[in-house]
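Per-entry structural report
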Amino acid sequence: MTKKNELPFGSIIGILGGGQLGRMLSLSASQLGFKTHIYDPDINAPAKQVTNLSSTFEYDDFKNLENFANKVDVITYEFENIPLETIKFCQNLKSVYPNYKSLGICQDRITEKNFLKSIGVETVKFEMASSYEEIKIAIENIGLPVVIKTSRFGYDGKGQKVIYKKEEIEKIVSEFIDVQVVIEKFIEFELEISVIICRDMSGKISAYDPSENIHKNGILVESKVPANISFSTSSDAIILASKIVRNLNYIGVMGIEFFITKEKKILVNEMAPRVHNSGHWTQTGCIISQFEQHIRAITGTPIGDGRRHSNVLMKNILGNQIFDINYENEKSINIYGKDKVKNNRKMGHVNIIK
Ligand code: AMP
């Protein structure tokens, strides 16, 4: 069956990455009448339990990537550390969303911050450095306390440390030798929020209400909507998010994390070119979840508005908490089907209507 301007029902969506995000994307794709093909080097990747087709090869195995690309109708990805070369290769064979440029910018904290600066979006004060001497100078310029972060491949608080005191500098910096880092001012923010936003092929933008996010040791623990922010802060954050996706000519869902300072300044912390953990509440709080919205956007299907009908608290199920789930009281439970339980590993989440 052919639909107007859209991928026909039964088309195959190729998803690079088979974690929980790929899994939930695959479930939404199926709900919309599409098939999925998950490509992940891990045979036990959670998304492989809920997909029509799968491939188990490395991301730089170009022969098998070619086979994968030839079998699908459109390609997307579920995590930002997919090698850029992989995306470059795939986009010569099939359309890839979000675009190569957006992924490149988001993969590196320095290019990300420079991009934001170039479009007039404010971030935390930062400097880049790549040697002990440069790091020391950057810390002096910015002033303690600072956060030192690797510019690439950091996630869930990995690859970053806070330096509070002068005496800690030498020991902490020694853990970051020979890598490009960014030194950021450590800020006493009032709260952290994120905006999950979607842009479709016609340029239409739809954003969800910002969620208020609680992190522990850099890992998201819970997100709640509505966030404890004013209407104007909420609108301003959405306007900034729209500016970002419009400038990138972005197609699909993006998650943007912000710090709200005590002075009510809105600073972008990080952008993720994919569906986002802090948007899982949309499965219960909105008619169209972030996963459905992303699948709609990348298949040329009209996207819906992100209207919220309920207040939701989303809690991640981390590590051993999976053995201690309280199934009582109304809550929607999502288990990701991971093969091993590890300390602080995201094993699932619950959405509770408040
Ligand atoms: P990131 O990987 O940059 O998202 O950082 C993970 C978490 O660490 C954030 O969500 C914050 O809770 C905290 N964090 C990161 N950067 C800063 C900063 N410059 N000041 C204060 N807290 C930060």
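Description of the sheet that holds strand E6 (residues 146–150)
- With antiparallel pairing, the four strands of this open sheet are ordered in space as E5-E8-E6-E7. Either end of the sheet is taken by a strand with one partner, and the two such strands are strand E5 (126–129) and strand E7 (160–163). The sheet shows a mean angle of 20° between the axes of neighbouring strands, direction not considered.
- The sheet contact formed by E5 and strand E8 (residues 181–185) spans four bridges and is antiparallel. By the bridge assignment for E8, Phe126 is matched with Glu184.
- Most of the contacts of helix H5 (residues 109–118) go to E8, to which it runs at about 50°, and overall it touches E5, E6, E7 and E8.

A few points about the domain arrangement of the chain
- Domain annotation for the chain reports domain 1 (12–96), domain 2 (125–185) and domain 3 (191–353).
- Taken over C-alpha atoms, the centre of domain 1 sits 34 Å from the centre of domain 2.

Structural notes on helix H3 (residues 84–91)
- Buried within H3 we find Thr86, Ile87 and Cys90. Along the axis of H3, the buried residues cluster in a sector spanning 95°; they form a single face.
- Buried-residue contacts for H3 involve strand E1 (12–16), helix H2 (62–71), strand E4 (74–77) and helix H4 (100–106).

A look at the packing of aromatic side chains
- Counted according to the given criterion, the structure contains eight aromatic pairs.
- A centroid spacing of 5.0 Å and a plane angle of 55° characterise the contact between Phe62 and Phe89, whose relative ring orientation is tilted. In this pair, Phe62 is assigned in helix H2 and Phe89 in helix H3, connecting sequence segments 27 residues apart.
- For Phe62, a relative accessible area of 32% corresponds to the partly exposed category.
- A centroid spacing of 5.0 Å and a plane angle of 10° characterise the contact between Phe189 and Phe259, whose relative ring orientation is stacked. You can see Phe189 sitting in the loop between E8 and strand E9 (191–199) and its partner Phe259 sitting in strand E13 (residues 252–260), a full 70 residues away along the chain.
- Grouped by ring-pair contacts, the aromatic residues Tyr39, Phe57, Tyr59, Phe68 and Phe79 constitute a single cluster.
- Sitting over the face of the ring of Phe126, Lys113 holds its NZ or CZ atom 5.7 Å from the ring centroid.

Re unusual backbone geometry
- Geometrically, the link from Tyr97 to Pro98 is a cis peptide bond, its omega value of -10° lying close to zero.
- The phi angle at Asn217 is positive, at roughly 50°, despite the residue not being glycine.
- Along the chain, Asn217 turns up in the loop between strand E11 (211–216) and strand E12 (219–225).
- Even without being glycine, Asn344 reaches a positive phi, approximately 65°.
- The partly exposed category is assigned to Asn344, whose relative accessible area is 34%.

So, how was this worked out
- Residues numbered from 1 in each chain as written.
- Predicted model: local features only at pLDDT ≥ 70, side-chain atom pairs only at ≥ 80, totals over all residues.
- Heavy atoms only, no water.
- Pairing = 2+ DSSP bridges.
- Helix = DSSP H or I, 4+ residues; strand = E, 2+ residues; numbered from the N terminus.
- Axes fitted to C-alpha atoms, helices over the stretch in contact; angles between N-to-C directions.
- Contact = heavy atoms within 4.5 Å.
- Domains from an automatic or database assignment.
- Buried < 20%, exposed > 50% of the residue type's maximum accessible area, 1.4 Å probe, protein only.
- Arc of directions from axis to C-beta.
- Phe/Tyr/Trp six-rings, centres within 6.5 Å; stacked < 30°, edge-to-face > 60°.
- Lys NZ or Arg CZ within 6 Å of the ring centre and 35° of its normal.

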